[in-house]
Amino acid sequence: MIRSREKLEYVKTVGAEVIASPEFQAAYQQPHHFKGTVGTHMINTAYYSYCLCKLLNRFGVKTKTDELIIACLCHDLGIVGNRHHKYTTGSECCMQHPVDSIPIAERLMGTLTPRQENTILMHMWPLAPSHPQYREGVILSLIDKYCSVLESSGLLKPAAVM
């Protein structure tokens, strides 16, 4: 898939603080979805979420794009580390890693907005116990699944962002 350099640069600029952090850099070392890493997955979700926001904006649907990019770049930070020792089952990982991602995101960004926090916490919807309260949460939930499927199948190459 071809990425717009301008859009990727925008994601990198908005997310520079997160991407430069040791926590995010560690995410590049952890395998995720069989063929990528946690870091490349979060970059992919931020990029495609941004693309969807640009499209929605053309139809008059407004989003808090910068808040969404930060949430995307933080949504799986709770997985980083030895995932198999952290979580005993895939189900536990599915439900707990969004919760574990919040304090890491807060350490990196300071206080999260309610929108960012809800977007991160609910990104596993429809598997999450509740649905997102904001359209940014719905966007991340959908794009997260989209990227996961394409990454797992090898159809989506990691974004070049280092």
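For the structure, check the block above.
Counting from 1, residues in each chain are numbered in the order their sequence is written. With pLDDT at 70 or above as the cut-off, local features in this predicted model cover only qualifying residues; side-chain atom pairs require 80 or more to be listed or tallied, and sums for whole chains, interfaces and linings still use all residues. Side-chain measures here rest on the full set of heavy atoms in the structure, leaving out hydrogens and waters.

Visitor: Explain the packing of aromatic side chains residue by residue, including any values.
Guide: Pairing of aromatic rings covers Phe, Tyr and Trp, the last counted by its six-membered ring, and requires centre-to-centre distances within 6.5 Å; plane angles under 30 degrees mean stacked, over 60 mean edge-to-face, and any other angle means tilted. Inspection of the entire model under this criterion finds three aromatic pairs. Consider the rings of Tyr 10 and Tyr 50, whose centres lie 4.8 Å apart with planes at 20°: the pair is stacked. Here Tyr 10 is found in helix H1 (residues 5-14), whereas its partner Tyr 50 is found in helix H4 (residues 38-58), with 40 residues between them in sequence. Only protein chains enter the area calculation, which uses a 1.4 Å probe; residues under 20% of their type maximum are buried, those over 50% are exposed, and those in between are partly exposed. On the accessibility criterion, Tyr 50 (9% relative accessible area) is buried. Put simply, DSSP H or I for four residues or longer makes a helix, DSSP E for two residues or longer makes a strand, and each gets a number counted from the N terminus.

Visitor: Describe the side chain of His 75, with residues and values.
Guide: With respect to the element layout, His 75 can be found in the loop between helix H5 (65-74) and helix H6 (83-86). Engagement of the side chain of His 75 in a polar contact is seen with the backbone oxygen of Cys 72, the distance being 2.6 Å. Setting aside its immediate chain neighbours within four residues, His 75 contacts His 41, Met 42, Thr 45, His 97, Ser 101, Ile 120, His 123, Leu 140 and Asp 144. Any pair of nitrogen or oxygen atoms within 3.5 Å is treated as a polar contact; in protein, a donor-acceptor pairing is required on top of that, and neighbouring residues in sequence qualify only through side-chain atoms on both sides. Residues are treated as being in contact if the distance between any of their heavy atoms lies within 4.5 Å.

Visitor: Any details on the nonpolar core? Residues and values, ideally.
Guide: Where a protein is soluble and globular, its nonpolar side chains tend to be buried together. We define a nonpolar core as any set of buried Ala, Val, Leu, Ile, Met, Phe, Trp, Tyr and Cys residues linked to one another through side-chain atoms lying within 4.5 Å. Core analysis: the biggest nonpolar cluster contains 36 residues, and Val 18, Phe 24, Ile 43, Leu 73, Cys 74, Leu 77 and Ile 120 have the highest contact counts within it. Among the elements of the structure, H1, helix H2 (16-20), helix H3 (22-27), H4, H5, helix H7 (90-109) and helix H9 (135-153) are those that each provide at least two residues to this core. Tallying contributions element by element places H4 first for this core, with nine residues. Beyond its immediate chain neighbours, meaning those up to four positions away, Leu 73 contacts Val 11, Gly 15, Val 18, Ile 19, Phe 24, Met 42, Ile 43 and Ala 46.

Visitor: Describe in detail the packing of H5 against helix H8 (residues 114-121), supporting the description with residues and values.
Guide: A fitted line through C-alpha atoms represents every axis, and for helices the fit uses only the stretch in contact; the resulting angles, taken between N-to-C directions, go from 0 to 180 degrees. Close contact between H5 and H8 brings their axes to 9 Å; oriented N to C, the two are set at 40°. As for how H5 packs across H8, the hand of that crossing is right-handed. Residue-level contacts link Glu 67, Leu 68, Ile 70, Ala 71 and Cys 74 of H5 to Arg 115, Gln 116, Thr 119 and Ile 120 of H8. All residues other than Ala, Val, Leu, Ile, Met, Phe, Trp, Tyr, Cys, Pro, Asp, Glu, Lys and Arg, Gly among them, are scored as polar; the first ten of these are nonpolar and the last four charged. Classifying every residue of the contact of H5 with H8 by side-chain character gives five nonpolar, two polar and two charged. It is the rotation of the near helix from the far one that decides the hand of a crossing: anticlockwise by less than a right angle makes it left-handed, clockwise makes it right-handed.

Visitor: Describe in detail the pattern of salt bridges, supporting the description with residues and values.
Guide: Here, a salt bridge means any Lys or Arg side-chain nitrogen found within 4 Å of an Asp or Glu carboxyl oxygen. Taken as a whole, this structure holds five salt bridges when the rule is applied. Residue Arg 107 is joined to Glu 23 by a salt bridge in which the shortest nitrogen-to-oxygen separation is 3.9 Å. With Arg 107 in helix H7 and Glu 23 in helix H3, this residue pair connects regions lying 84 residues apart in the sequence. For Glu 23, a relative accessible area of 25% corresponds to the partly exposed category. In this structure, the salt-bridge partner of Lys 145 is Asp 144, at a minimum N-O distance of 3.5 Å. When its relative accessible area of 28% is taken as the criterion, Lys 145 is described as partly exposed. Exposure remark for Asp 144: the relative accessible area of 5% places this residue in the buried category. Residues participating in the shared-partner salt-bridge network are Glu 67, Arg 115 and Glu 136.

Visitor: Outline H9, supporting the account with residue identities and numerical values.
Guide: Since the α-helix turns once every 3.6 residues, residues separated by three or four places project in the same direction. Take the number of residues in a helix, subtract one, and multiply by 1.5 Å to get its expected span. For H9, with 19 residues, the first-to-last C-alpha span of 27 Å sits near the 27 Å given by 1.5 Å per residue. Those residues of H9 lying buried are Glu 136, Gly 137, Ile 139, Leu 140, Ser 141, Ile 143, Asp 144, Cys 147, Ser 148, Leu 150 and Glu 151. Summarising the contacts, the buried residues of H9 are in contact with H4, H5 and H8. At the C-terminal side of H9, Gly 154 shows a positive phi close to 80°.

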